[in-house]
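The chain contents come next:
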Amino acid sequence: MSVRARKDEELLDYSYNSGLVLASIALSMMAAFTGLSVTRGLSRLSVGQRQTRIVMGAVALGGGIWSMHFIAMLAVRLPIAVAYDVLATIASLLIAILLAGVALLLMHFTKRNLSHIFLSGTVLGAGIVAMHYLGMSGIEFCRPVYAPSSIFAAGLAALAMGVAAIWASYGRRTRANILIGTLIFGSSVVIVHFTAMAGTGFLALATSPAFTPALDNNQLALIVMVSAFVICGAFLLSGATFLAVPAENQTAPAGADSEEPDMPEPSPEPAPLRIPVERGGQTQFLPAAEVSALRAEGHYTIAYSGKDKFFCPWSISEAERRLVAAGPFFRVHRSYLVNIARVTGFERRRDSGICLFEGTASLDRVPVSRNRIPALRDALGL
């Protein structure tokens, strides 16, 4: 993978600072662990929470690729001063985060099968290669030249190891798999970078570049230091969460693998869900299964059960948060939450619908918003 210059040009000699090289490897591993562990267990969360976690994971993975690259570039010792174009440097960060985000979205918002694992790994690997060469394009005061074989080798390594990292991390979502994926992905960033650099030479420019915003090594070092500090902090926090043993797993037999592949684990004996209501100046608790519906009443709700209705201190949003995930409740209207098990009939109107409740004297029917009808019909088995 040797680089050849023209007869009238001479490649610059360069060497590496071994301390910074080791720092780049360590940071790559920490970023890989953070990005892969923070997205573990997303099936237990709401869509909004899953999206937030994916953004966090993408920033960790993409930011780790970018930070590893520029720490390794700060390790390069050239005989001339260099700088980095601001726009190319920022673009290289954004492309890494974007493609890492696409890879995670494929894993968490599509069917998790071999074809999607391959596609996700390919996108992730492409992000490593694209970040590297886009970042290299921003070098000023000298021009990088590449051996075609190094470009091919770096691209092949990135795609192969990207697929391997996703396959290892998402084949099963256990602690062991995530650690294996961390080693593969963290190594892939390092291997791709130094494979590409093995076939890279630098030519001094005879003329100064046109004036563009640029970062010298000191400014770049400050930015990378801040990025590394954030990644290290996120690594410590995600590591603490990763190592925490859930209470229900503390008595598991030694050697047992208590991790399930990204699926929620129901409690063996779930406590019965109850709804607080006010009656006679006292707070009482109704079994949720006996409540047919809740209706918004300002910042509170009215709970309907049998022949009675009760004042409930929950808002309709709080009731939805507590009841929809834990029981057969469904939000059919901005003002109504219904117990699917208590619905005795459904009528489709022209632009809306109605849920019927026979046996609930305090409430005979509940309106259904048009945009919620398809999901309600599915929940009712229609």
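In what follows, the structure referred to is the one given above.
First, a word on what this report is: a plain description of the structure on this page. Note that the structure is a prediction, hence the values are computed from the model and not measured.

## A closer look at the overall build of the chain
Per the secondary structure count, the chain includes 9 helices and 17 strands. Residues counted as buried form 44% of the 382 residues belonging to the chain. Taking the contacts inside the chain whose residues are at least 6 apart along the sequence as the reference set, 70% of them involve residues at least 24 apart. As presented, the chain carries roughly 19,900 Å² of accessible surface, and 61% of it is formed by carbon and sulfur atoms.

## Thoughts on the packing of aromatic side chains
Summed over all chains, the structure comprises 8 aromatic pairs. When the centroid spacing of 5.9 Å and the interplanar angle of 80° are considered together, the rings of Tyr14 and Tyr16 count as edge-to-face. On the accessibility criterion, Tyr14 (26% relative accessible area) is partly exposed. Linked through ring pairs, Tyr14, Tyr16, Phe194 and Phe202 together constitute an aromatic cluster. The ring of Phe285 carries the charged tip of Arg274 above its face, separated from the ring centre by 4.6 Å.

## Here we look at the environment of Ala153
Examined against the element boundaries, Ala153 turns out to sit in helix H5 (residues 148–171). Of the residues examined, Ala153 reaches a relative accessible area of 25% and is grouped as partly exposed. Between the C-alpha atom of Ala153 and that of Gly199, which follows or precedes it by 46 residues, the distance is 9.6 Å.

## Here we look at the sheet that holds strand E3 (residues 83–85)
What the 3 strands build is an open sheet, ordered E4-E3-E7; its pairing is antiparallel. Two strands bound the open sheet, and with one partner strand each, they are strand E4 (139–140) and strand E7 (214–216). Direction of pairing for E3 relative to E4: antiparallel, over a ladder of 2 bridges. For Tyr84, the partnering residue across the bridge sits in E4 and is Ile139.

## Details of the nonpolar core
Within soluble globular proteins, side chains that are nonpolar tend to cluster in buried spots. The biggest cluster of nonpolar side chains holds 54 residues, and the ones touching the most others in it are Met73, Phe185 and Phe202. If you list the elements that add at least two residues to this core, you get helix H1 (18–37), helix H2 (47–74), helix H3 (86–109), helix H4 (114–136), H5, helix H6 (175–198) and helix H7 (217–243). Take this core: its biggest share by element is 11 residues, from H2. Sequence-distant contacts of Phe185, defined by excluding residues within four places in its chain, comprise Ala32, Leu61, Ile65, Leu124, Ile128 and Ala165. Grouped together as the second largest cluster of nonpolar side chains are 17 residues, Val338, Val343, Leu363 and Ile373 included.

## Observations regarding unusual backbone geometry
Keep in mind that most residues, glycine aside, have a negative phi and that most peptide bonds are trans. Phi at Phe141 is positive, roughly 75°, even though this residue is not glycine. Its place among the elements puts Phe141 in the loop between E4 and strand E5 (142–146).

Conventions and cut-offs
- Residues numbered from 1 in each chain as written.
- Predicted model: local features only at pLDDT ≥ 70, side-chain atom pairs only at ≥ 80, totals over all residues.
- Heavy atoms only, no water.
- Helix = DSSP H or I, 4+ residues; strand = E, 2+ residues; numbered from the N terminus.
- Buried < 20%, exposed > 50% of the residue type's maximum accessible area, 1.4 Å probe, protein only.
- Contact = heavy atoms within 4.5 Å.
- Areas by Shrake-Rupley, 256 points an atom, 1.4 Å probe, with all protein chains shown as cover.
- Phe/Tyr/Trp six-rings, centres within 6.5 Å; stacked < 30°, edge-to-face > 60°.
- Lys NZ or Arg CZ within 6 Å of the ring centre and 35° of its normal.
- Pairing = 2+ DSSP bridges.
- Core = buried A, V, L, I, M, F, W, Y, C linked by side-chain atoms within 4.5 Å.

Honestly, that's just the spatial picture; any functional story needs more than this.
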